[in-house]
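Here is what each chain is made of, one letter per residue.
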Amino acid sequence: MKITVAGATGNIGSAAAQALLEAGHEVRVMVRQPAKVEALVRQGAEAVVGELEDADFVRRATAGADGLFWLTPPQLAVPDVAAWQDQITANAAAAIQANGVARVVHLSALGAQMPQPRGFVHRFAITEKALNLTGATTLNLRPGWFMENLLAQAGSIKDQGKLYVAIGADIPLPLISTVDIGRYAAQALTAAEAASGFVPLIGPDILTGHEIAARLSEVTGRPLEWVAVPPAALGDVFRGLGASEDAIRYFIELFEDFNRPDGPYGAPLPEAVRTPTTLEQFARPSLLPLL
Ligand SMILES: NC(=O)c1ccc[n+]([C@@H]2O[C@H](COP(=O)([O-])OP(=O)(O)OC[C@H]3O[C@@H](n4cnc5c(N)ncnc54)[C@H](OP(=O)(O)O)[C@@H]3O)[C@@H](O)[C@H]2O)c1
């Protein structure tokens, strides 16, 4: 099959493109910097260069495709998050319709099922609805909390033995590896029968911050502590990374909800497809080399 992959230099898009190539499919990767996908191109992928904000680029990139993997990339600097996301979603929807793309797998998030989601989770629910209306058979993946989020803690793990996260240490997090999400996306895009609707995805480990710190202590051989910081403290962190005030508001709402019993990770979690990679299998090759 011919599959176009958005975000192909990122965690999930790169894993999806790799899995699609390994399964013998024709893969077109949408990228901003082609140098980042040289390895995929060597394996036979076609790289098309452009930005998701460019409707013509998205249409060209999906011409002749049987399937599309789509995600809304994190965009910290945009002054109006909703307007920017609506624009790129409209670009995807128009391209899917213009090119008659039969299948779409969209990266959403656990929590999109909530009656009144806030922050970025609210935005996922809106994008799901827009893509569901395109006429393509659309499957919305709703993964839990990415293990890759922990890599941002490598510096403080190394220097202080602490993980500073704006989520309470007793809140169970439905962890998942992004490689598993990418592989699942590749399978869903090329399965004999296309699935539609949504699928919650969670790895084998649902762990609290205390439990994550204990398990990573075993892997790293050093005592570790999970330190919960207040979500409001994220303002200065994201400001330092160039985030707009609007994006900061979305992040703070997201993390406030992670701390709520009725938030995206509140009990009961929806019944989910369980993906294979454990925290240890993720941490040994990914976290250890950073320490
Ligand atoms: N973190 C979590 O726990 C969690 C949980 C559920 C869902 N999510 C969602 O997962 C998504 C992130 O997935 P990921 O980790 O695979 O992303 P990622 O590693 O941050 O990669 C983002 C990709 O999008 C590309 N990109 C960014 N802006 C672009 C633009 N304007 N035009 C074209 N391409 C652009 C990037 O290209 P460059 O290499 O050129 O930058 C990169 O390939 C987000 O939607 C996030 O909300 C996250």
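Structure: see above.
Residues numbered from 1 in each chain as written. Predicted model: local features only at pLDDT ≥ 70, side-chain atom pairs only at ≥ 80, totals over all residues. Heavy atoms only, no water.

A few words now on the overall build of the chain. Secondary structure assignment for the chain yields eleven helices and 13 strands. Computed over its C-alpha atoms, the radius of gyration of the chain comes to 19 Å, within 12% of the 19 Å expected for a compact globule of 291 residues. Dimensions of the chain, computed from C-alpha atoms along their principal axes, come out at roughly 55 × 35 × 35 Å. Counting across all 291 residues of the chain, residues that qualify as buried make up 53%. The long-range fraction of contacts in the chain, counting pairs at least 24 apart against all pairs at least 6 apart in sequence, stands at 75%. (Helix = DSSP H or I, 4+ residues; strand = E, 2+ residues; numbered from the N terminus. Rg over C-alpha atoms; globule rule 2.2 N^0.38 Å. Buried < 20%, exposed > 50% of the residue type's maximum accessible area, 1.4 Å probe, protein only. Contact = heavy atoms within 4.5 Å.)

Close to the ligand lie 25 residues, the nearest being T9, R32, K36, T72 and N149. Note that an oxygen atom of the ligand is positioned 3.3 Å from one of the backbone N or O atoms of G7. In the environment of the ligand, a nitrogen atom lies 2.9 Å from a nitrogen or oxygen atom belonging to the backbone of L52. Alone, the ligand offers 960 Å² of accessible surface; in the complex the protein occludes 83% of this. Contributions of two or more residues to the shell around the ligand are made by α1 (11-22) and β7 (145-146). Looking at the shell around the ligand, its residues break down into eleven nonpolar, ten polar and four charged. (Near = heavy atom within 4 Å. Polar contact = N/O pair within 3.5 Å; in protein donor to acceptor, adjacent residues only side chain to side chain. Areas by Shrake-Rupley, 256 points an atom, 1.4 Å probe, with all protein chains shown as cover. Nonpolar A, V, L, I, M, F, W, Y, C, P; charged D, E, K, R; others polar.)

This brings us to the nonpolar core. Counting 90 residues, the largest nonpolar core has V29, W70, W145 and W226 as its most contacted members. Broken down by element, the residue count for this core peaks at eight residues, all from helix α10 (residues 245-258). Filtering out sequence-adjacent residues up to four positions away, V29 remains in contact with V5, A8, A17, V37, L40, A45, E46, A47 and V48. (Core = buried A, V, L, I, M, F, W, Y, C linked by side-chain atoms within 4.5 Å.)

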